[in-house]
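Fold and geometry: a report
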Amino acid sequence: MFFSGDSTSRKRVDLGGRSSKERDRQKLLEQTRLERNRRLWVRQQNSAAIKIQKCFRGRKVLRAEHAKVREQFFGIYGHHCQNVGRHCFGVYSEFLRQLFFFFDAKNIADFSILVETCRLLQHFVQDTGDIVSLFAGTDYLSKYALVDYRVKKFAFVCIEAIHQNRNQLKDQLLMTSEEASTSTTLLLDSVSLLIDPTLPWVCKVVGYLLRKNSFTLFREITLKGRESTRTSGSFRKVSSLERVFTLMISHIGQKPCTCPIVDPHWTFSSQILSIPFLWQLFPCLKEVFATRGLTQYYIHQMAVCLQNHANILPNDFSHEYPGFACLLGNILETAGVALSQSDCSFEMAVNLAGVTTFLLEALPPIKSSSRESGEGSTQGEDDMIVGDEVTEIVLNRELEQQITNAIDSRFLLQLTNSLFGGISSAHGSNNEGLGDKEVAAVGAVCAFLHVTFNTLPLERIMTVLAYRTELVPVLWNYMKQCHEKQKWPSFFGQLAYLQGDIPGWLLPLSVFCPVYKHMLMIVDNEEFYEQEKPLSLKDIRCLVVILRQALWQLLWLNPTTQPNSGKSVANGSGHKRHPVEFIQHRVSIVASELLSQLQDWNNRRQFAPSSDFHADGVNDFFISQAGIESTRAYDILKQAPFLVPFTSRVKIFTEQLSAVRRRNGSHSVFPRNRFRIRRDRILEDAYNQMSALSEEDLRGLIRVTFVNEFGVEEAGIDGGGIFKDFMENITRAAFDVQYGLFKETADHLLYPNPGSGMIHEQHLQFFHFLGTLLAKAMFEGILVDIPFATFFLSKLKQKYNYLNDLPSLDPELYRHLIFLKHYEGDISQLELYFVIINNEYGEQTEEELLPGGKNIRVTNENVITFIHLVSNHRLNFQIRQQSSHFLRGFQQLIQKDWIDMFNEHELQLLISGSLESLDVDDLRSHTNYSGGYHSEHYVIQMFWEVLKSFTLENQKKFLKFATGCSRGPLLGFKYLDPLFCIQRAGSAAEEALDRLPTSGTCMNTLKLPPYRSKEQMETKLLYAINAEAGFDLS
């Protein structure tokens, strides 16, 4: 039953399915392949050995031949050329042929012979003044081939000799022949002699040098020379090397020059212009480069390379001196001179803008003031991204200065004038449409400025662009025509990363918005509204539509991922890693800022209906999403709240407050905090008791018990109505100008008293308390009758006030400043200085607007600065401490995000409600009835007629009597919680009709007896609402 055989005799089975014969075949093939490869390797070894031996033997023979010829040369001409005469340079002499054959730049004796040869050349030329006859005799035309070859070889050997020995000659490389007759100056001066523009062979020689990449050798020579002369500053005399450059750069292949066009990698523009601070080394070369039309050629050459996406720059000199930055600095330094030339063409200006734009794109952001301090730095952790391998570039500080100083007011004026000079007038309308030239000019300017805004400090250039160029009117004319025709040309190619399918309005808006916004900071009310400068009010209404549509497109219809949110707007790395997203995000930021500013101007004096600022696509779905964090609608509400109607934003705001109140138990039955307030000491008691509460307690319920002037607690249980009455009374008392913490403008608007510290020792603590008090009123949805000045409400939004806000504070000072702004005479004769006189309660103090301001006279050049410093002092500086403490108290309850949804005028409505008359019909539509009353009851009909006949003041008193607050809900009485109710009080008996009406303010209830006549009802109501009997009235 069991197997008992020999297991070793079992047949082996290959699980791969192959037989042993097949395995042997594969093994044989593999061995054959290896053997074949071994034989191939041996053959290659032998071939390489033969080549090496051949090369070695050739070199050995050549070296021996060099030594032989050198020995013959020294025997004939001497070791120091003592036997050399004029005839030695002729075509029949072997002198130059032998020298060029054995010459080795590393050989000291050969180098000395070359230097002596150059000395003799210059000596013979000085004697006769004719270098052509020296080389060719009397018949150059018949011998030109040999002569040209020897001259070309001579010039290149001189350059190569200096290059090979540049480390030993580094102290001589930038010397002049007048300073010392060194070997370097002799060699370079000989090159200058050989490429003199009057010689018949000059183009052939220069062309030969260009083909031999001489500018690459010159680059290394110049960099080595720069190392040894770095501390000596600019050079006044023309060095020998500079003279060579001056002669060579004019050979650009255009008539009468016959030089060939060489590879752009080895040209002057790529090899020499990318040397750091080139013009400091060669100031005379700068003049030649800028004034002989050469800039136009080399700029065009670089522009063509950029269009072909060719990188023509050599390796960077160092990390601090990247080639593109050095090239940019040198180009910009000469661009101003080139643009001012009469022969400067439109094409040259477009090419210049394109090249500088490309180079600026590669730059890291350049900080204003001090980079070392780190203040205001917005570069964060993501300046170095491992995944994207983006490394921060830190430029040399002097190189930064060269670039920023070059893009000055003069350069910006020249560039914009050169580009805009050839297109239609900015102030007219071109009915024929936009031409290619206008599109090219606008595209070039916008691309250059867009990149400049992301790279350079804005304060250096914004004022120039806004007030000294035609940028705003030209761009507006362009955008207006595009908008009217509904056709925006593409700027594909203006920026390296711009794709063809992105909207054509992005680039113009990215430049127009910040410049026009800056302009609006300095434009006064008369210029904007009356003179309609720089844009007419009709044009501004059109601009509002363009900005609104663009914002809605960017933020809602076609949103992009915002790279690092707001950080990347200031962070240069953002536009390199996410270029398209960056420009779209930037436009959304600057467009929303400009539209917000235009809304402020519209609030001062309306020139467009408020609905013009509202996006067409805001619907119920959008509103439902806007209150939820991390949604697109929520982000829009934070960035561009004016796109959403005011009433919708108020609903979102009240819902946010309600949610916070619910979380903090504001509707609990048993409040944690109870105040006992004496009516004649309401401010002191409220300050002492409220200041003791924590932030959490402030969010909770507060119940109030009033104590009358006799020390007796008033009747009534606070269900919310007494607290509302308390809030109205405390705010009226605290913000009363008689108390000294606030002052009134001429329009009776409140702002902090700059001299409050002279009246109250603890004035800053009081401002903190008042901020908390106002925040508590808003938090509980209580409207208080406190009209604040707009420039103070700006402080709640942490905004800066400008000249246009000054009329509300001091109209007389504003008129004087505007007079100065438009004064046509010599302002310095007015004897004004950068100081301001403060006059508080008869005490005058003098403050300097600038350090040393009492010694700085106001002139026509600095008057704009003076005007804005005065405005800043009055609107911002004087009330900074009071505003800061008020804001701290305010933000204990009201988050900044909540009120950022509203501008200053809307914020006043949130605080006080509408100043218009009370809407009795709206109150009637949202009233409940009880105790037998109904809407058609004759008593109710009489009541509404009586209430309508009241003055606005009495209507407000009635509302306070019935609800505890003299102002109704901001969105109407529909939102009064609970709804207003009229309850029947007593019967129709005579004794009941003598009763006064009473109220339950906590439930918004009016207890109204059934009076029989309107006269009786009016008398009783007026008595009750004017009695001011507190909560003792029954």
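Residues numbered from 1 in each chain as written. Predicted model: local features only at pLDDT ≥ 70, side-chain atom pairs only at ≥ 80, totals over all residues. Heavy atoms only, no water.

Comments concerning the overall build of the protein
A count of helices and strands for the protein gives 45 helices and 10 strands. Counting contacts in the protein only where the partners sit at least 6 residues apart, residues at least 24 apart contribute 75% of the total. Carbon together with sulfur atoms contributes 50% to the accessible area of the protein, which is approximately 49,600 Å² in total. (Helix = DSSP H or I, 4+ residues; strand = E, 2+ residues; numbered from the N terminus. Contact = heavy atoms within 4.5 Å. Areas by Shrake-Rupley, 256 points an atom, 1.4 Å probe, with all protein chains shown as cover.)

As for the UniProt feature "active site" (unreviewed entry) in the protein
The UniProt record annotates "active site" (unreviewed entry) at Cys1002. Within the secondary structure layout, Cys1002 lies in the loop between strand 9 (998-1000) and strand 10 (1005-1008). (UniProt positions renumbered as here; feature names shortened; annotations may be inferred.)

Some points on a nonpolar patch on the surface
A surface patch of nonpolar side chains, about 310 Å² in accessible area, is lined by Met758, Ile759 and Tyr841. With respect to the helices and strands, Met758 occurs in the loop between strand 4 (750-752) and helix 33 (763-779). (Patch = residues over 30% accessible without salt bridge, like charges linked within 9 Å, V, L, I, M, F, W, Y side chains within 5 Å. Salt bridge = Lys/Arg side-chain N within 4 Å of Asp/Glu carboxyl O.)

Remarks on the pattern of salt bridges
In this structure the tally under the stated criterion is 31 salt bridges. In this structure, Lys776 and Glu780 form a salt bridge, with 2.7 Å as the shortest nitrogen-oxygen distance. Through salt bridges with shared partners, a single network forms among Glu35, Arg38 and Arg39.

Points about the sheet that holds strand 7 (residues 927-930)
Hydrogen bonding along the main chain pairs the strands of a sheet, whether they run parallel or antiparallel. Pairing within the open sheet is mixed, and its four strands lie in the order 7-8-10-9. Both outer strands of the open sheet, strand 7 and strand 9, are each paired with one neighbouring strand and no more. Strand after strand, the sheet turns through a mean of 25° between neighbouring axes, direction not considered. Where strand 9 meets strand 10, three bridges bridge the pair, whose relative direction is antiparallel. Bridging from a neighbouring strand, Ser999 pairs with Leu1006 of strand 10. Sitting on the sheet, helix 43 (residues 952-963) is in contact with strand 8 (980-984), strand 9 and strand 10, with an inclination near 55° to strand 9. (Pairing = 2+ DSSP bridges. Axes fitted to C-alpha atoms, helices over the stretch in contact; angles between N-to-C directions.)

Some remarks on the pairing of strand 10
As paired strands, strand 8 and strand 10 are joined by four bridges and run parallel to one another. In the sheet register, Ile982 faces strand 10, and the bridge partner there is Leu1006. Linkage of strand 9 to strand 10, two consecutive antiparallel strands, is achieved through a turn of four residues, within which Asn1004 is found at a positive phi near 55°.

Notes on the packing of aromatic side chains
With the rule as written, the count across this model stands at 61 aromatic pairs. Ring geometry for Phe215 versus Phe268: centroids 5.7 Å apart, planes at 65°, classification edge-to-face. You can see Phe215 sitting in helix 8 (residues 214-228) and its partner Phe268 sitting in helix 10 (residues 268-271), a full 53 residues away along the chain. This pair shows no difference in class: Phe215 is buried, exactly as Phe268 is. Ring geometry for Phe723 against Phe726: centres 6.0 Å apart, planes inclined by 40°, an arrangement best described as tilted. One end of the pair, Phe723, and the other, Phe726, are both in helix 32 (residues 721-734), three residues apart, so they sit about a helical turn from each other. Take Phe723: its relative accessible area is 5%, and that puts it in the buried class. The class of Phe726 is buried, set by a relative accessible area of 0%. (Phe/Tyr/Trp six-rings, centres within 6.5 Å; stacked < 30°, edge-to-face > 60°. Buried < 20%, exposed > 50% of the residue type's maximum accessible area, 1.4 Å probe, protein only.)

So, the packing of helix 12 (residues 283-291) against helix 14 (residues 323-339)
Orientation of helix 12 relative to helix 14, taken along the N-to-C sense of each, is 45°, at an axis distance of 8 Å. As far as their axial angle goes, helix 14 and helix 12 are oblique. As helix 12 packs across helix 14, the resulting crossing turns out to be right-handed. Facing Lys286, Phe289, Ala290 and Thr291 of helix 12, the residues of helix 14 in contact are Glu333, Thr334, Val337 and Ala338. Classifying every residue of the contact of helix 12 with helix 14 by side-chain character gives four nonpolar, two polar and two charged. (Parallel < 35°, antiparallel > 145°, perpendicular 65-115°, else oblique. Left-handed = near helix turned anticlockwise from the far one by under 90°. Nonpolar A, V, L, I, M, F, W, Y, C, P; charged D, E, K, R; others polar.)

Overview of the environment of Leu210
With respect to the helices and strands, the residue Leu210 is situated in helix 7 (residues 202-211). The exposure class of Leu210 is buried, given its relative accessible area of 7%. The spacing of Leu210 and Met248 is 38 residues in sequence and 9.2 Å in space, taken between C-alpha atoms. In this structure, Leu210 is in contact with Phe215, Met248, His251 and Val262, ignoring residues within four places of it in sequence.

Some points on the packing of helix 42 (residues 938-949) against helix 45 (residues 1014-1026)
Two elements in contact, helix 42 and helix 45, have axes separated by 10 Å at closest approach and are oriented at 60°. The angle between helix 42 and helix 45 falls in the class oblique. Handedness of the crossing formed by helix 42 with helix 45: right-handed. Across the interface between the two elements, Val939, Met942, Phe943, Glu945 and Val946 of helix 42 pack against Lys1014, Met1017, Glu1018 and Leu1021 of helix 45.

Examining the side chain of Lys821
Along the chain, the position of Lys821 falls in helix 36 (residues 811-821). Given the relative accessible area of 17%, Lys821 is considered buried. Among all residues touching Lys821, those that are not within four sequence positions of it are Ile522, Val523, Asp524, Glu527, Ile864 and Ile867.

Focus: unusual backbone geometry
Omega for the bond connecting Lys533 with Pro534 falls within 30 degrees of zero, at 0°, which places this linkage in the cis form. Within the chain, Cys81 stands out as a residue other than glycine whose phi angle is a positive 60°. The residue Cys81 is located in the loop between helix 1 (20-77) and helix 2 (95-102) in this model. At Glu831, a position not held by glycine, the phi torsion is positive, near 60°. Summarising the element assignment, Glu831 is placed in the loop between helix 36 and strand 5 (835-840).

Focus: the nonpolar core
The tendency in soluble globular proteins is for nonpolar side chains to be buried as a group. Formed by 285 residues in total, the largest nonpolar core has its most connected members in Phe89, Phe135, Phe218, Tyr516 and Phe726. Look past the residues within four positions of Phe135 in its chain and what remains in contact with it is Phe89, Gly90, Val91, Leu96, Leu121, Val147, Val151, Phe154, Leu194 and Trp201. Membership of the second largest hydrophobic core comes to 27 residues, among which are Leu918, Val920, Met942 and Leu947. (Core = buried A, V, L, I, M, F, W, Y, C linked by side-chain atoms within 4.5 Å.)

Topic: the confidence of the model for the protein
For the protein, per-residue confidence averages 84 on the pLDDT scale, and residues scoring 70 or more make up 87% of the total. Overall, residues 369-391 carries pLDDT values under 50, and its contacts beyond four positions in sequence, including any with other chains, amount to 32 contacts. Long-range and interchain partners of residues 563-574, a stretch whose pLDDT sits below 50, account for 32 contacts in this model, where long-range means more than four residues apart. (pLDDT = per-residue confidence, 0-100.)

Re helix 42
For helix 42, which comprises 12 residues, the first-to-last C-alpha distance of 17 Å matches the rise-based estimate of 16 Å (1.5 Å per residue) to within 8%. Along helix 42, the residues classified as buried are Val939, Ile940, Met942, Phe943, Trp944, Val946 and Leu947. Next to the buried residues of helix 42 lie helix 41 (920-925), strand 7, helix 43, strand 8, strand 10 and helix 45. (Expected span 1.5 Å × (residues − 1).)

A few points about the environment of Gln98
On the secondary structure map, Gln98 appears in helix 2. In this structure, the C-alpha to C-alpha distance between Gln98 and Phe73, residues 25 residues apart in sequence, is 6.9 Å. Apart from the residues lying within four places of it in its own chain, the contact partners of Gln98 are Val69, Gln72, Phe73 and Tyr77.

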